[in-house]
Amino acid sequence: MGFKNLRLLLIGRIVLLIGTIMLLAYVTYQAPNNVNLTFLIILIVIQTVMLVRSIDKTNREISGFLSSIKYDDFTTTYPTQGRGKSMNELYAEFNNVIKKFREIRADKEANYHYFRTIVQHVGIGLITFNKLGDVQIINSSAKKLIGVESLNNIFELSKVSAKLVESLVKLKTGGSALIELTNEGTRTQLSVYVIELVLRGEEFKLVSVQNIQSELEEKEMEAWQNLIRVLTHEIMNSVTPLSSLAATVETNLVDNIEDDVPIEKEELEDIYLAVQTIKRRSEGLIRFVSDFRNLTRIPEPKLHEIEVKKVLDHVSLLLKLEMEKKNVDYIVNISPVGLMFNADKELLDQVLINLLQNAIHALDENEGEKALIVNAFINEYGRPTLTIRDNGVGIDEEALGKIFIPFFTTKKQGSGIGLSLSKQIMRKHGGSITVKSVMNEGTEFTLTF
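Just so you know, these numbers come straight off a predicted model, no measurement behind them.

Rules used in this analysis
Residues numbered from 1 in each chain as written. Predicted model: local features only at pLDDT ≥ 70, side-chain atom pairs only at ≥ 80, totals over all residues. Heavy atoms only, no water. Helix = DSSP H or I, 4+ residues; strand = E, 2+ residues; numbered from the N terminus. Buried < 20%, exposed > 50% of the residue type's maximum accessible area, 1.4 Å probe, protein only. Polar contact = N/O pair within 3.5 Å; in protein donor to acceptor, adjacent residues only side chain to side chain. Contact = heavy atoms within 4.5 Å. Pairing = 2+ DSSP bridges. Axes fitted to C-alpha atoms, helices over the stretch in contact; angles between N-to-C directions. 1 Å grid on protein atoms, 1.4 Å probe; cavity = no way out; pocket = protein on both sides within 12 Å on 5 of 7 lines; lining within 4 Å. Points joined across faces, edges and corners; volume = space filled by probe spheres on them. Nonpolar A, V, L, I, M, F, W, Y, C, P; charged D, E, K, R; others polar. Core = buried A, V, L, I, M, F, W, Y, C linked by side-chain atoms within 4.5 Å. Left-handed = near helix turned anticlockwise from the far one by under 90°. Patch = residues over 30% accessible without salt bridge, like charges linked within 9 Å, V, L, I, M, F, W, Y side chains within 5 Å. Areas by Shrake-Rupley, 256 points an atom, 1.4 Å probe, with all protein chains shown as cover. Salt bridge = Lys/Arg side-chain N within 4 Å of Asp/Glu carboxyl O.

With respect to the element layout, serine 161 can be found in the loop between α4 (140-146) and α5 (162-170). Residue classification places serine 161 among the buried positions, given a relative accessible area of 10%. One polar contact links the side chain of serine 161 to the main-chain amide nitrogen of leucine 164, over a distance of 3.2 Å. Excluding its chain neighbours within four sequence positions, the residues that come into contact with serine 161 are Ile179 and Leu181.

What follows is the structure, encoded as structure tokens:
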């Protein structure tokens, strides 16, 4: 019974068990004796139990090995000598597997610490949290930008900014928001960008946070400079001839007054023409100021679920005669049918009419086919989108960078506030308007809600 080789041990016990069973059969049929029968039965039971225990021992060792893998316990080492060839080989493979798992875990921990160090030292703020708001990762930059020393749950940021928490909870993949924070008396503009992830069946959000205060200030200064440049250009165009005409009229009147000479009819006609010109230029200046005032008085949108098809049908009806007169092919594609937008219908009408009229005017110089295509769909980030594309002359690169500046226009007859109004209306909807154009191929405006 002291075999080291498990195989021989099992064979020996099986042979003894078979021999004992045969002996029991012989005694039962040839020399029945209650004492012998009882002894042999007890002996068979003992041998069976020992055989089962030997097999169970092997099973327990295999089970222990699998448990070590299951619970990431790779400290066990199995003996590879003195257990028989097959068991020695089995234990050697156990040790190899455990060693491999140990190396994988070491590599994984090294990579984890490596990436964690990168995340902690990157200049962009990063936060990850689950559906309950529990924070898994928040790096040093995010803590500094938001103004917290630690963060366990995203809803703890309510004391910093309720708007920030609302944005983090509501934003979907690809969504972004601008949040203004005041930390220790310093105003900060944060740009928040969200991506949704699924890891092992659990939903997470990865949030990047950047301080764009300096960039905004630069853009704000650039916008003021552009606006002032346009305003001074328009005002000087009106004021300079007014001043010149007024000076001319003043000179003529002074001469007549000083010489005590009555004004002749020809001179009166010149003065009348000058006054008329002054009146027209003054009215133009008043309209310009009125347009500027309208640009700063856009109402807050009253959002409702509206069907895109009905909106486009209404707008196209308003422009139908003009498009027919200019032989413009108007094509509308809506996917899915019955697509709904959450928008202010009146303001959206204003944007669409302006963009469609611009597209129609852009087609004036086309000698061949004139096409105006409107597409409505849900983009790859799940956001309702409208595109308005024409095959007109296009917009040159220099003008393309200025078309959203108030009062900038490439048309002879135009106020230059249509696209500026459209951009403000889209921003008030929480969306955006972008443009791309290729000379002699056409222009496409994209509205994203």
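More follows now that the structure is in view.
To continue, consider the sheet that holds strand β7 (residues 328-334). Spatial strand order, β7-β9-β10-β12-β11: 5 strands in an open sheet with mixed pairing. Each of the sheet's edge strands pairs with one partner strand only, and the pair in question is β7 and β11 (432-438). For this sheet the average axis-to-axis angle between neighbouring strands, irrespective of direction, equals 10°. Where β7 and strand β9 (residues 370-378) come together, 7 bridges link them in parallel fashion. By the bridge assignment for β9, tyrosine 330 is matched with leucine 372. Running at roughly 180° to β7, helix α8 (residues 308-325) makes contact with β7, β9 and β10 (384-390) of the sheet. Each of β7, β9, β10, β11 and β12 (442-448) is contacted by helix α9 (residues 345-362), which is oriented at about 20° to β10, the strand it contacts most.

To continue, consider empty space enclosed by the protein. By the definition in use, this model includes 1 cavity of 30 Å³ or more. For the largest cavity, the calculated volume is near 30 Å³. Together, Ile306, Val308, Val311, Leu312, Phe341, Leu348, Leu352 and Leu386 line the largest cavity. At the level of elements, α8 and α9 are the ones that each hand at least two residues to the lining of the largest cavity. Examining the composition of the lining of the largest cavity, we find that 3 residues originate from one element, α8, more than from any other. Taken together, the residues that form the lining of the largest cavity break down as 8 nonpolar, no polar and no charged.

Turning our eyes to something else, we now look at the nonpolar core. Membership of the largest hydrophobic core comes to 37 residues, with the highest contact counts inside it found for Leu352, Leu355, Leu372, Leu386, Phe445, Leu447 and Phe449. For this core, the elements supplying multiple residues, two or more each, are α8, β8 (340-343), α9, β9, β10, α11 (418-428), β11 and β12. Of all hydrophobic cores here, the second largest spans 23 residues; its members include Leu145, Val165, Ala177 and Leu190.

Before going further, it helps to examine unusual backbone geometry. Cis rather than trans, the peptide bond between serine 335 and proline 336 has omega equal to 0°. Positionally, proline 336 belongs in the loop between β7 and β8. In this structure, asparagine 327 takes a positive phi of about 55° despite not being glycine. With respect to the helices and strands, the residue asparagine 327 is situated in the loop between α8 and β7. Phi at asparagine 440 is positive, roughly 65°, even though this residue is not glycine.

Quick look at the packing of α9 against α11 now. Following both chains from N to C, one finds α9 and α11 inclined at 140°, their axes separated by 10 Å at the closest point. In this structure, α9 meets α11 at a crossing whose hand is left-handed. Contacts from Leu347, Gln350, Val351, Asn354, Leu355 and Asn358 of α9 reach α11 at Gly418, Leu419, Leu421, Ser422 and Ile425.

Okay, the packing of α8 against α9 next. α9 packs onto α8 with a crossing angle of 35° between their chain directions and a minimal axis gap of 10 Å. Taken as a pair, α8 and α9 cross one another with a handedness that is right-handed. Along its contact with α8, which presents Val311, Leu312, His314, Val315, Leu318, Leu319, Glu322 and Met323, the element α9 presents Lys345, Leu348, Asp349, Leu352, Ile353, Leu356, Gln357, Ile360 and His361. Of the residues that constitute the contact of α8 with α9, the class distribution is 11 nonpolar, 3 polar and 3 charged.

There is a patch of nonpolar side chains on the surface, built from Tyr193, Ile195, Leu197 and Tyr381 and spanning about 340 Å² of accessible area. Looking at the element boundaries, tyrosine 193 is found in strand β4 (residues 186-199). When its relative accessible area of 32% is taken as the criterion, tyrosine 193 is described as partly exposed.

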